[in-house]
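These are the residues of each chain, in order.
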Amino acid sequence: MPRVPEPPESALPAKVVPTVGKIGDLAAEAGISRVHVLAWRDLADVEAGGSEIHASTVASLWAQAGIEVTMRTSHAQGSPPRATRDGYQVIRKAGRYLVFPRAALAEATGRHGRRDALVEIWNGVPFLSPVWARGPRVTWLHHVHTEMWPLVLPPTLARIGQFVESRVAPPFYRRTPVVTLSESSKALLLERLGFRPENVHVVPPGISPVFSTGGRRTAEPSVLAVGRLMPPKAFDELIEAMARVRETVPATLTIIGEGYARDALENQISRLGAEQWCALLGRVDDDALVQHYQAAWVVAASSKSEGWGMTLTEAAAVGTPAVATRIPGHADAVIHGVTGMLVDSSSELVEALANVLSNRDLRERMGVEARRRALEFTWERTAHDTMAVLAASARRSRHG
């Protein structure tokens, strides 16, 4: 069982100096001491994913920098309506859809207290903060949801969601600073939502230091996939692809994550007779997740829509290359042919997985390059650069 390869020291970039202190300086210079964040879901939600990890990590780093952060989200099952997490306050009230009007009304009437700046996280459905919010504000919009609506809603509601996202909401946000995760996502925001290039700022997500090299690969070829079990992640297509890969490479597939598509995936695994080589592990803790990344020969992602692809860069940080769909977000998280492979169809997915699994030299070379690039991404840098956008909005507001 080979060890996870470690790039030579001479090949690694200089470590990024943490910037928590600089975050506080940026905020203070802009007159920001209290920030309110509006988010659809909380990290405690059973369906929390990358967007919630991103919001929580940035909020906690802002709190460490001395900023008072309050995050308003929808109710999370089994969690109290108010709590403190990593230094910032969480308010969980209203259901999945009522959270939008109720949170907006609470902010507009000052029920969450005084704020110096507002962050709206537009995750499919907007809070329409440009309509009712005064003062400095920014919107975090990780990606366009066009392809996701038909996968999660009935046809009529899906069309309404697409219409609101692409036609109704964008005109209100034309003068709002927007933060997105990747250049490819920015291009889509400009093309489909008509945003101005100068108003859209790209700030990639970071990678936790817990994702590091070590451990050993599995003795037999193995593929790992991580994410919420929901239709836009297309785990069903990955399972079908792996069934074809196994015609030439006897590989296993492990899927980590939980979600409402679990029953359908279990039925698919049973129908294919794949119980011996495909496992749904559900949620695991960070230590177990790191071990699975380290053990896998390759990480795979078959998603239809992503803002970035955090699981791909988490795997990269431990030296595991990726095979992923060529979509906005993935196109930035993976450098095709260098840190992994990007594919445009199910047949290419099968071919790429079989190729990487059967070619040790290719795997190890891409794993080393993936690890080297992953060291460029830190959450401190993400929190600093998102605060820089918010601080610029505050300075503009202060000067009229």
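Because the structure is predicted, anything quoted here is derived from the model rather than measured. (Residues numbered from 1 in each chain as written. Predicted model: local features only at pLDDT ≥ 70, side-chain atom pairs only at ≥ 80, totals over all residues. Heavy atoms only, no water.)

Asks: Which parts of the structure should I look at to understand the pattern of salt bridges?
Replies: Across all of its chains, the model carries 18 salt bridges by this definition. Of the charged contacts, one joins lysine 233 and glutamate 306 as a salt bridge, the two residues approaching to 2.6 Å between their closest N and O atoms. In this pair, lysine 233 is assigned in the loop between β9 (222-226) and α8 (235-245) and glutamate 306 in the loop between β12 (298-301) and α11 (310-317), connecting sequence segments 73 residues apart. A single burial state applies to lysine 233 and to glutamate 306, both of which are buried. In this structure, glutamate 258 engages arginine 262 in a salt bridge whose closest nitrogen and oxygen atoms are separated by 3.2 Å. Connected through shared salt-bridge partners, Arg41, Asp45, Glu47, Glu52 and Arg96 make up one network. (Salt bridge = Lys/Arg side-chain N within 4 Å of Asp/Glu carboxyl O. Helix = DSSP H or I, 4+ residues; strand = E, 2+ residues; numbered from the N terminus. Buried < 20%, exposed > 50% of the residue type's maximum accessible area, 1.4 Å probe, protein only.)

Asks: What exactly am I supposed to notice about a nonpolar patch on the surface here?
Replies: Where nonpolar side chains cluster on the molecular surface, the patch consists of Leu128, Val131, Phe163, Val168 and Phe172 and spans about 430 Å² of accessible area. Relative to the elements of secondary structure, phenylalanine 172 occurs in the loop between α6 (155-168) and β7 (178-180). For phenylalanine 172, a relative accessible area of 42% translates into the label partly exposed. (Patch = residues over 30% accessible without salt bridge, like charges linked within 9 Å, V, L, I, M, F, W, Y side chains within 5 Å. Areas by Shrake-Rupley, 256 points an atom, 1.4 Å probe, with all protein chains shown as cover.)

Asks: Explain unusual backbone geometry here, please?
Replies: Among all residues save glycine, negative phi is the norm, and among peptide bonds the norm is trans. Phi angles above zero are rare outside glycine, and aspartate 86 is one such case at about 50 degrees. One can find aspartate 86 in the loop between β3 (82-85) and β4 (88-92). Judged by relative accessible area, aspartate 86 falls into the exposed class, the value being 55%. In the Ramachandran plot, leucine 128 falls in the positive-phi region, its phi being about 55 degrees despite a non-glycine side chain. With respect to the element layout, leucine 128 can be found in the loop between β5 (117-121) and α4 (129-132).

Asks: What's the story with a positive patch on the surface in this structure? I'm lost.
Replies: A contiguous patch of positive charge, built from Arg82, Lys93, Arg102 and Arg111, is present on the exposed surface. Relative to the elements of secondary structure, lysine 93 occurs in the loop between β4 and α3 (99-108). Of the residues examined, lysine 93 reaches a relative accessible area of 34% and is grouped as partly exposed. (Lys, Arg positive; Asp, Glu negative; His and termini not counted. Charge placed at Lys NZ, Arg CZ, Asp CG, Glu CD.)

Asks: Mind showing me how you'd approach the side chain of glutamate 306 here?
Replies: Judged by relative accessible area, glutamate 306 falls into the buried class, the value being 14%. Side-chain polar atoms of glutamate 306 contact the side chain of lysine 233, separated by 2.6 Å. At 2.9 Å, the side chain of glutamate 306 and the side chain of serine 303 are in polar contact. Among all residues touching glutamate 306, those that are not within four sequence positions of it are His143, Ser185, Lys233, Ile327, Pro328, Gly329 and His330. (Polar contact = N/O pair within 3.5 Å; in protein donor to acceptor, adjacent residues only side chain to side chain. Contact = heavy atoms within 4.5 Å.)

Asks: Before we go on, may I ask you to explain the sheet that holds strand β13 (residues 322-325) in this structure?
Replies: The strands making up a sheet are joined through hydrogen bonds of the backbone, oriented either antiparallel or parallel. One open sheet holds the six strands; their spatial order is β11-β10-β9-β12-β13-β14, and the pairing between them is parallel. Only two strands of the sheet have a single neighbouring strand rather than two, namely β11 (278-282) and β14 (340-343). The average undirected angle you get between the axes of adjacent strands in this sheet is 20 degrees. As paired strands, β13 and β14 are joined by four bridges and run parallel to one another. By the bridge assignment for β14, alanine 322 is matched with glycine 340. Contacts between α11 and the sheet are confined to β9, β12 and β13, with β12 contributing the most and set at about 175 degrees to the helix. Of the strands in this sheet, β9, β12, β13 and β14 are in contact with helix α13 (residues 346-358), which crosses β14 at around 165 degrees. (Pairing = 2+ DSSP bridges. Axes fitted to C-alpha atoms, helices over the stretch in contact; angles between N-to-C directions.)

Asks: I keep staring at the packing of helix α1 (residues 20-29) against helix α15 (residues 379-398) and nothing clicks. Help me out?
Replies: Helix-helix packing is characterised by the crossing angle of the two axes and by the distance between the axes. Contact geometry of α1 with α15 gives a least axis separation of 8 Å together with a crossing angle of 10 degrees. It follows from the interaxial angle that α1 and α15 lie roughly parallel. Only Glu380, Ala383, His384, Met387, Ala388, Ala391 and Arg398 of α15 make contact with α1, whose side of the interface consists of Val20, Lys22, Ile23, Leu26, Ala27 and Glu29. A per-class count over the contact of α1 with α15 returns eight nonpolar, one polar and four charged. (Parallel < 35°, antiparallel > 145°, perpendicular 65-115°, else oblique. Nonpolar A, V, L, I, M, F, W, Y, C, P; charged D, E, K, R; others polar.)

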